[in-house]
Amino acid sequence: DALIINYNKQALLELQSDNIQASKDLFTRAQKLLKYSSPNSSILLKSMTLNNIANLCLKQNDIAKALSYLSDAEKVSLEGSKTNLAVTYINLSAFLSMTSKNLEAIQYLLKAVKFLREAPNLTKNVITALVIGLHNLSQAYLETGNKNDGVGYCKESWELALQHYGPDHYFTQKIFQNLND
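Residues numbered from 1 in each chain as written. Predicted model: local features only at pLDDT ≥ 70, side-chain atom pairs only at ≥ 80, totals over all residues. Heavy atoms only, no water.

1. Brief notes about the overall build of the protein chain
From N to C terminus, the protein chain includes nine helices and zero strands. Walking the protein chain from its N terminus toward its C terminus, one meets helices and strands in the order α-α-α-α-α-α-α-α-α. Against the globule reference of 16 Å for 181 residues, the protein chain gives a C-alpha radius of gyration of 16 Å, in line with a compact fold. Projected onto the principal axes, the alpha-carbon positions of the protein chain cover approximately 45 × 35 × 30 Å. Scored against the burial criterion, the 181 residues of the protein chain give a buried share of 41%. Residue pairs in contact within the protein chain that sit at least 24 positions apart in sequence constitute 54% of those at least 6 positions apart. Working note: accessible area of the protein chain is about 10,000 Å², and carbon and sulfur atoms make up 51% of it. (Helix = DSSP H or I, 4+ residues; strand = E, 2+ residues; numbered from the N terminus. Rg over C-alpha atoms; globule rule 2.2 N^0.38 Å. Buried < 20%, exposed > 50% of the residue type's maximum accessible area, 1.4 Å probe, protein only. Contact = heavy atoms within 4.5 Å. Areas by Shrake-Rupley, 256 points an atom, 1.4 Å probe, with all protein chains shown as cover.)

Below, the structure is given as structure tokens:
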């Protein structure tokens, strides 16, 4: 299980550095190991890997393939925790927003935010997902012309980021900038 997580982390780092082939190779290794993962973590690891591969597809401008991976991740996540499903919904909504399907994106984001707020443990990962989900929700509302909800969710996202990350963190500053635009 640790190796699958490590391959995913390394693949994301390679992707951030635009090393597409290295990222692909690491995701392939992670996928091959999924069949050996422990029953307790199998759903989480498969969903995480599929979500991350979707981001690779996006980097390659292959939106159709990215949506296919996210659809697979959603199916897998339905069997697991709602927190994991929320992350898939946030990723799926980002792709929908990119294709100007903001009303659909809002529906996924509302579900994601609900699931994250209900999470039994507010871990760093859950808080990060909630900050991103709230911020993306605000942007989707603003894109549809709904300024009241857009500003409200942006403010909530900023307050959460400020509380958990402080004023100098990238998320806090980015959201503050959007709040004041």
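2. Some points on helix α3 (residues 42-59)
Between its terminal C-alpha atoms α3 stretches 26 Å, which fits the 26 Å expected from 18 residues at 1.5 Å a residue. Check the buried side of α3 and you find it contacts α1 (2-16), α2 (20-33), α4 (63-77) and α5 (82-98). With its phi angle positive at about 60°, Asn 61 sits one or two positions after the end of α3. (Expected span 1.5 Å × (residues − 1).)

3. Remarks on the packing of α3 against α5
Orientation of α3 relative to α5, taken along the N-to-C sense of each, is 15°, at an axis distance of 10 Å. Taken together, the axes of α3 and α5 are roughly parallel relative to one another. The handedness of the crossing between α3 and α5 comes out as left-handed. Here Ile 43, Leu 44, Ser 47, Asn 51, Ala 54, Asn 55 and Leu 58 of α3 lie close against α5, whose contacting residues are Asn 84, Val 87, Thr 88, Asn 91, Phe 95 and Met 98. Along the lines of polarity and charge, the residues of the contact of α3 with α5 split into seven nonpolar, six polar and no charged. (Axes fitted to C-alpha atoms, helices over the stretch in contact; angles between N-to-C directions. Parallel < 35°, antiparallel > 145°, perpendicular 65-115°, else oblique. Left-handed = near helix turned anticlockwise from the far one by under 90°. Nonpolar A, V, L, I, M, F, W, Y, C, P; charged D, E, K, R; others polar.)

4. Quick look at the pattern of salt bridges
Overall, the coordinates contain four salt bridges when judged by the stated rule. Across the pair Glu 118 and Lys 114 runs a salt bridge whose closest N-O atoms are separated by 3.0 Å. Under the relative-accessibility criterion, Lys 114 is labelled partly exposed at 44%. Note that Arg 117 is salt-bridged to Glu 156, the shortest N-O span being 2.3 Å. In this pair, Arg 117 sits in helix α6 (residues 102-117) while Glu 156 sits in helix α8 (residues 147-165), placing the two residues 39 residues apart along the sequence. (Salt bridge = Lys/Arg side-chain N within 4 Å of Asp/Glu carboxyl O.)

5. A word on the layout of surface pockets
Rolled over the atoms, a probe as big as a water molecule pinpoints where empty space is left. A volume near 1,600 Å³ is recorded for the largest pocket. Of all the secondary-structure elements, those providing two or more residues to the lining of the largest pocket are α1, α3, α5 and α7 (124-143). Considering each element in turn, the lining of the largest pocket owes the most residues, nine residues, to α3. The volume enclosed by the second largest pocket comes to roughly 160 Å³. Every residue along the wall of the second largest pocket is listed here: Ser 93, Ala 94, Ser 97, Met 98, Asn 102, Leu 109, Asn 136, Gln 139, Ala 140 and Glu 143. Looking at the lining of the second largest pocket, the elements that each hand over two or more residues are α5, α6 and α7. A class-by-class count of the residues in the lining of the second largest pocket yields four nonpolar, five polar and one charged. (1 Å grid on protein atoms, 1.4 Å probe; cavity = no way out; pocket = protein on both sides within 12 Å on 5 of 7 lines; lining within 4 Å. Points joined across faces, edges and corners; volume = space filled by probe spheres on them.)

6. Points about the side chain of Asn 91
Structurally, Asn 91 can be placed in helix α5. Ignoring any residue separated from it by four or fewer positions in sequence, one finds Asn 91 in contact with Asn 51, Asn 55 and Leu 70.

7. Focus on α8
With 19 residues, α8 extends 26 Å between its outermost C-alpha atoms, agreeing within 8% with the 27 Å of an ideal straight helix rising 1.5 Å per residue. Those residues of α8 lying buried are Gly 150, Tyr 153, Cys 154, Ser 157, Trp 158, Leu 160, Ala 161 and Tyr 165. Projected down its long axis, α8 shows its buried positions confined to an angular sector of 165°, all on one face. Those residues of α8 that are exposed and angled more than 90 degrees off the buried face are Asn 148 and Gln 163. Close packing links the buried residues of α8 with α6, α7 and α9 (170-179). At the C-terminal side of α8, Gly 166 shows a positive phi close to 90°. (Arc of directions from axis to C-beta.)

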